[in-house]
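Residue-level structural notes
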Amino acid sequence: HSLWQNQYETSDGSVGAVSTATLGDAVFVAGYLCRPSGMCELLVLAYDANTGAMRWQDHYDAGFATVPVGMATGFGRVFVVGSAQATPGVGGYFVRGYSARTGQLEWWDQSDQLSPALGVAAGGGKLFIGGFADPLQENPGVLLRAYRAR
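Here's what I pulled together on the structure shown here. Just so you know, these numbers come straight off a predicted model, no measurement behind them. (Residues numbered from 1 in each chain as written. Predicted model: local features only at pLDDT ≥ 70, side-chain atom pairs only at ≥ 80, totals over all residues. Heavy atoms only, no water.)

Counting through the fold element by element, F28 comes out in strand β2 (residues 26-34). Given a relative accessible area of 0%, F28 falls into the buried group. Linking F28 and A100, residues 72 residues apart in sequence, is a C-alpha distance of 8.6 Å. (Helix = DSSP H or I, 4+ residues; strand = E, 2+ residues; numbered from the N terminus. Buried < 20%, exposed > 50% of the residue type's maximum accessible area, 1.4 Å probe, protein only.)

So, about the layout of surface pockets. Considering only enclosed or pocket space, the largest pocket measures out at about 200 Å³ in volume. Around the largest pocket, the lining is made up of 13 residues, and of these Y8, A17, V29, L45 and Y47 lie nearest the centre. Among the secondary structure elements, those contributing two or more residues to the lining of the largest pocket are β1 (14-23), β2 and β3 (40-48). Looking at the lining of the largest pocket, its residues break down into 9 nonpolar, 4 polar and no charged. (1 Å grid on protein atoms, 1.4 Å probe; cavity = no way out; pocket = protein on both sides within 12 Å on 5 of 7 lines; lining within 4 Å. Points joined across faces, edges and corners; volume = space filled by probe spheres on them. Nonpolar A, V, L, I, M, F, W, Y, C, P; charged D, E, K, R; others polar.)

Turning our attention to the packing of aromatic side chains. Tallied over the full model, the rule gives 6 aromatic pairs. Relative to W107, the ring of F79 has its centre 5.9 Å away and its plane inclined at 55 degrees; by these criteria the two rings are tilted. A residue pair is termed long-range when its members are at least 10 positions apart, and F79 in strand β6 (residues 77-87) and W107 in strand β8 (residues 105-111) qualify at 28 residues. Aromatic side chains W107 and Y147 sit 5.3 Å apart centroid to centroid with 40 degrees between the ring planes, which places their arrangement in the tilted category. Residue W107 is found in strand β8, and its partner Y147 is found in strand β11 (residues 142-148); the two are separated by 40 residues along the sequence. Chaining the aromatic ring pairs together yields one cluster made of F28, W56 and Y98. For R96, the ring lying beneath its charged end belongs to Y60, and the centroid distance is 3.9 Å. (Phe/Tyr/Trp six-rings, centres within 6.5 Å; stacked < 30°, edge-to-face > 60°. Lys NZ or Arg CZ within 6 Å of the ring centre and 35° of its normal.)

Honestly, it's all geometry; don't read function into it.
Structure representation (structure tokens):
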């Protein structure tokens, strides 16, 4: 009972989807575009949930590898978190908040702290991201960071 299908393709490299979220009459996909050079960038796509028509898209490249791991919606925004490496082997996390309607980047944070963000949730006027405190340790611990999302 399929309603519609939309396939995003490019000749610039390989693409893949990691996370999907909805807000109102929109559906969002966070994924990546990996170029033949091995460098990967974040890809965020927004579609009309009723027709499948693309509304907007954004690409973000932190340097070497920018890969999403999670997505959440709330407060009229779509939030994407993931791993950002400026150079091979040196990285941290990123969080980006877009206007769900226009795709305009409204706020962001990025850290070279070694831990990538592994999960995201929005509620109560806040955005929460979680991950490992130090993934190189035998017991990496848990890191939870809260942001004012409005």
